[in-house]
Structures are given as structure tokens and as C-alpha cells.
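One-letter residues, chain by chain:
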Amino acid sequence: MSLLPELRYPSVPELVACARALAASEPGLCALRQVGRSRAGRPLHLLSVGHAQRSVLVVAGAHANEPTGGSTLRVLARRVLAERELRTGTSWHFLLCADPDGAALHVTPAPRSLLDYHLGFYRPTGAEQPEWSPSVLPPDRLPPETRTLTGVIDELRPYLQVTLHGTDLGGSWVQLTRDVPGLAEPFAKSAAQLHIPVETGASDAAGWPASGPGVHVMPGPGTDAAYPSMPDDARHSTWYHAHRYGGLTAVVEVPMWASDLVDDPAPHPAPAAAMRRLAGRLLRDSLEVERVLAQALPRLDGADGPLLRAARWALELIPGLAEDWTHTAPAASTMAYVGSVDAFGRRLPLRAAAMLLRVLRESGDRAAPDLERLVATWSDAFARRFRARWVPLDHQVEHQSRTVLLAAQQAREQAYP
């Protein structure tokens, strides 16, 4: 049985078919069951391998636009089934896709360029993301996907939850809700072997302490956020739900396209000035998208689908974020950190433009051709600025799989010496 995935991203039905075949091949070890339904009624499936009380939960598909996790989950499930030592004393549980509705909207073929990737782009609003909704919604308004995920955690009480994430362009990094000593060195070694840069100054982890290059530990309650305007807070996400049972969460990020600009630990000569410049560009880019949106809205006849909601939500984040970058001291002063912020500043208006473009194309709006040219121009500029190089899918999957297995081993030794 090959452990390597096909060189494309599997759909959710393909993941379910693979899981069903694994469960049928080893009915004494594997079980596939439905654990919930999405808002649109799509089933959420959990594949379990082994019967030990001590457990690891692996979650894929929490963000629709990060497709590598599905490929990694498939490889991990096969590997755990094939290698007895991995399941000795530990059961493994795989949530195949936390957001099947989002996965149905984000179209990811085998992308040849950032433009290909963005032409099918979808990422829901924060309130509609399964892991993030608890940070922005009261408990009685949480979507069913979130309730399903927390219910699985309540049932399994995992000593480790791993959630498989990714980035379009950049490097690899890990976010931990509690430190896992011994993870950083083999993580960096794996990345180097596979020619994947380590994102040492990830803007997603701005202001967090690091236990090693690219391994960031979330600060405790009461710590000020690096970007005060951002409405969500990782400390209120489902990542912390495992803590009530003594567990922790590792978020493993891998890039589709790599850039060495996010792996430069050298001091930036003028980080505050650079952040102000990036804030200015962020505002200018968002205004271009907002002008198209304002002109097209009267012609869209009250449309309010998920693509349009997500585009507007992304645009609403930008003024506050630009204010943070302009008036808040940089959370770090390295070239890598400023590079990561630069990428984030390009990413946000580009995503809003891409989702709005899909809305305009579907309605046949006359503004679609001009917006498509803008999406193409920004995608090309993003790739050129960061000297983007495609990371082969088997490298993405191998590095993410290794990191999951390393985290499981190290966290187990700490929890159960």
C-alpha cells in the first residue's frame, strides 16, 4: 500500500471513500462514523484507528482554502494503520473535514500559479469558521460544525489535538497552545530536508514566545494582542478546548508556494517605518476593491451569499489592521517578520477581490473583466516579490505528517512519562 498521495488535492467525497475503504480493510482496528452535520446538511465524518483510551485527534479542513491537510490526513491514517508502533497505547482519530460547506466552495485543482489558486478562492467569515467562531460568537450561536468539533474533543479527551493548516505563500511554522519541548529541532530538520523555509516571524503568531525557530507558543490569558483591532483571539478558539482535559493543540502550517524571505532572522533596519509603508499600501489596495464593490452592489440586487459576505468581512478588517501597523510598535523587528506582514498585507485585499470576482462572474456583471485583471496583477506581483516556488505536494504532506508524528511523540512523553 503506497503512503504517498496522488499529486493533487483530494475532495471531501474522495477522503470519505478512502476512509471507508480503510475501515473495511481492517474492521477490527478502524471505524468510520458520522459525528455531525454542517449548516447545509453535509455529514462530518470521523475515522478512528485503534482502541486505546489515550488518544490523538487530527483535524483537517478547518479552513477551506488550505487543502493540504486532507492529503496529509489520508497519508497519516494509512501510516498509523500500517505501523503498529504508532498505535501502541494510543488511538488515532481523524476528523476528515471540519468545514465541508467551505470545502465545497473553495475550488482547488492542481494550481499552477497564485492566480489559479485565487480564481477559485473561498474563506468564510470568522463567525462561519469552525475553529474561530467561539472567539467572535456567544455559545448559543455557534455553528453546528463547531459544536461537532468540541463534542468530539469532549468524547475523546485527547492528550493532543493537531489541526492541519497551510498558507498560500511563505514558510512552515507551528503554533502550540502549550509548549512541547524537543519539537523545534526535528521540525526544522524536516523542513530543511524538504527545502521548505521555516517562517520564523509568522505574523499569525505576532508577539508570541518561541520555543525554537518557527515553533510559537500562544501567550496566556491577560496578554495584550499584537494586533488589537482583530476581532478573533486564538485563546478563545476551539484550540483551547482540549485543555479542559489536560491536553493541548498543535497547529501545523505548511506552504503551497515557498519564499525564503520569511526565513531571514536578520534585524530589519527600520521595522516601524516599514510597517507604516505596508499599512499605507494595505489601505490603498482595499480602496480599489471597495470602489468596485460599491459600484457593483446596486446591480447585485441584494445578493448576500457566502462569497460576498466573506469578501466584505475581509475588507472590514483592513482599516483597523492598518491602524495597528501604523501606531503599534512592531511585535518583532526581523526581516522575516516584516516579510510575513508584507505577505499578509498583500493577501487580505487580494482574497477579498478574488471572492468578489467570483460573485461578479456568476452574475455576469460588467465589472468582472477589470477586477479579474486586478486579481491577476496582484497575484503576479505577490509571486514576484516573494520569489515564489512551488512546494511539491508530496513534500508538503511529508513535512506536515512528520511534524504531527513528532508532536504526538513528544507530547505523549511529557503527559505520560
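What counts and what doesn't
- Just so you know, the residues in each chain are numbered from 1, in the order the chain's sequence is written.
- Local features in a predicted model are, by the rule used here, given only for residues with pLDDT of at least 70; side-chain atom pairs are given and counted only at 80 or more, and totals for whole chains, interfaces and linings are based on all residues.
- Hydrogens and waters are ignored; side-chain quantities use all the structure's heavy atoms.
- Numbering of helices and strands runs from the N terminus; a helix is a DSSP stretch of H or I covering at least four residues, while a strand is a stretch of E covering at least two.
- The globule rule used here is 2.2 Å times the number of residues to the 0.38 power, and the radius of gyration it is set against is calculated over C-alpha atoms.
- Whether two residues touch is decided by their heavy atoms; if any such pair falls within 4.5 Å, the residues are in contact.
- Every case where a carboxyl oxygen of Asp or Glu lies within 4 Å of a side-chain nitrogen of Lys or Arg is listed as a salt bridge.
- Each residue's exposure class comes from its accessible area (1.4 Å probe, protein chains only) as a fraction of the maximum for that residue type: buried when under 20%, exposed when over 50%, partly exposed otherwise.
- Any pair of cysteine sulfurs within 2.5 Å is marked as a disulfide.
- What we call a nonpolar core is a set of buried Ala, Val, Leu, Ile, Met, Phe, Trp, Tyr and Cys residues that are connected through their side-chain atoms within 4.5 Å.
- Pairing between two strands requires that DSSP report at least two bridges joining them.
- Put simply, two rings from Phe, Tyr or Trp (the six-membered ring, in Trp's case) pair if the centres are within 6.5 Å, and we call them stacked under 30 degrees between planes, edge-to-face over 60, tilted for the rest.
- Note on criteria: charge over ring means Lys NZ or Arg CZ within 6 Å of the ring centre, with the direction from the centre no more than 35 degrees off the ring normal.
- UniProt positions are given in the numbering used here, feature names are shortened, and annotations may be inferred rather than shown by experiment.
- Expected span, for any helix, means 1.5 Å times one less than how many residues it has.

> Explain the overall build of the chain to me, please; I cannot follow it from the model alone.
When its secondary structure is counted, the chain shows 11 helices and 10 strands. For 417 residues, the compact-globule estimate of 2.2 N^0.38 gives 22 Å, and the C-alpha radius of gyration of the chain, at 21 Å, lies within 12% of that figure. Projected onto its principal axes, the C-alpha positions of the chain cover 60 × 50 × 40 Å. The contacts of the chain with a sequence gap of at least 6 include a subset with a gap of at least 24, amounting to 80%.

> Where do I start with the pattern of salt bridges in this structure?
Side chains carrying opposite charge are able to pair once their charged atoms draw close together. The final tally for this structure, using the stated rule, is 19 salt bridges. Its salt-bridge partner being Asp116, residue Arg112 comes within 3.1 Å of it at the nearest N-O pair. Here Arg112 falls in the exposed class, since its relative accessible area comes to 73%. The salt bridge involving Asp260 is made with Arg389; its shortest N-O contact spans 3.0 Å. A residue pair is termed long-range when its members are at least 10 positions apart, and Asp260 in the loop between strand S9 (248-258) and helix H7 (271-296) and Arg389 in strand S10 (residues 389-390) qualify at 129 residues. Residue Arg389 is classed as partly exposed on the basis of its relative accessible area of 31%. Three or more residues are tied together by salt bridges with common partners; here these are Arg39, Glu128, Glu145 and Arg309.

> How should I be thinking about the state of the cysteines in this particular structure?
One covalent bond between the sulfur atoms of two cysteine residues makes up a disulfide. Using the criterion set out here, one finds zero disulfides in the structure. Here Cys30 stays unpaired: no disulfide links it, and the sulfur of Cys18, its closest cysteine neighbor, is 10 Å away. The class for Cys30 is buried, based on a relative accessible area of 6%. Residue Cys97 stays outside any disulfide, its sulfur separated by 14 Å from that of Cys18, the closest cysteine. For Cys97, a relative accessible area of 6% gives the class buried.

> What am I meant to see in unusual backbone geometry here?
For Arg157, which is not glycine, the phi dihedral falls at a positive 50°. Topologically, Arg157 is positioned in the loop between helix H5 (144-156) and strand S5 (160-170). Taking the relative accessible area as the measure of exposure, Arg157 reaches 53% and is therefore exposed. Phi at His195 takes a positive value of approximately 60°, unusual for a residue other than glycine. When you line up the elements, His195 lands in the loop between helix H6 (184-193) and strand S7 (210-212). Overall, His195 belongs to the exposed group, its relative accessible area being 56%.

> What is the right way to read the nonpolar core from this model?
Looking at soluble globular proteins, one finds that nonpolar side chains tend to be buried together. Within the largest apolar cluster, 59 residues are counted, with the highest numbers of intra-cluster contacts made by Tyr227, Leu321, Trp325, Leu356, Leu360 and Leu371. Broken down by secondary-structure element, the contributors of at least two residues to this core are helix H4 (114-119), S9, H7, helix H8 (306-327), helix H9 (335-363), helix H10 (368-385) and helix H11 (393-415). At 15 residues, the largest contribution of residues to this core is made by H9. Among all residues touching Leu360, those that are not within four sequence positions of it are Val292, Ala296, Leu300, Asp365, Ala367, Ala368 and Leu371. Counting residues in each nonpolar core, the second largest holds 47 residues, with Cys30, Leu183, Val391 and Ala408 among its members.

> How should the pairing of strand S2 (residues 43-49) be read in this particular structure?
Look at any regular strand and the pattern is simple: side chains alternate between the two faces of the sheet. Of all seven residues in S2, six are buried, a share of seventy percent or more. Between strand S1 (residues 30-37) and S2, which pair antiparallel one after the other, the connecting turn spans five residues, and Gly41 there sits at a positive phi close to 90°. Sheet analysis places S2 next to strand S4 (residues 91-95), joined by four bridges and oriented antiparallel. Looking at the pairing, Leu46 lines up with Leu95 of S4.

> When you look at the packing of aromatic side chains in this model, what are you seeing that I'm missing?
The relation between two aromatic rings is expressed through the spacing of the ring centres and the mutual angle of the planes. Throughout the structure, instances matching the rule amount to eight aromatic pairs. Between Tyr227 and Trp325, the ring centres sit 6.4 Å apart and the planes meet at 65°, which makes this aromatic pair edge-to-face. Residue Tyr227 is located in the loop between strand S8 (215-217) and S9, and its partner Trp325 is located in helix H8; the two are separated by 98 residues in the primary sequence. The class for Tyr227 is buried, based on a relative accessible area of 11%. Among the aromatic residues, those joined into a ring-pair cluster are Tyr117, Phe121, Trp257 and Trp390. Above the face of the Phe386 ring, Arg385 is positioned so that its terminal group lies 5.3 Å from the ring centre.

> Sorry, what's going on with the environment of Met335 here?
When you line up the elements, Met335 lands in helix H9. On a C-alpha basis, the gap between Met335 and Pro265 in space is 6.1 Å, while along the polypeptide they are 70 residues apart. Every residue in contact with Met335, bar those within four places of it in the chain, is listed here: Leu261, Asp264, Ala266, Pro267, His268 and Pro269.

> Could you clarify how one ought to interpret the UniProt feature "domain: Peptidase M14" (unreviewed entry) in the chain in this entry?
UniProt tags residues 17-105 as "domain: Peptidase M14" (unreviewed entry). Helix makes up 34% of residues 17-105 and strand makes up 28%, while its end C-alpha atoms are separated by 20 Å.

> It is not clear to me how H9 should be interpreted in this structure. Could you clarify?
Three- or four-residue spacings in an α-helix give side chains the same orientation, since the helix completes a turn every 3.6 residues. Taking 1.5 Å per residue, 29 residues should reach 42 Å; H9 reaches 43 Å between its end C-alpha atoms and fits that length. Looking one or two residues beyond H9, the residue adopting positive phi is Gly364, at roughly 70°.

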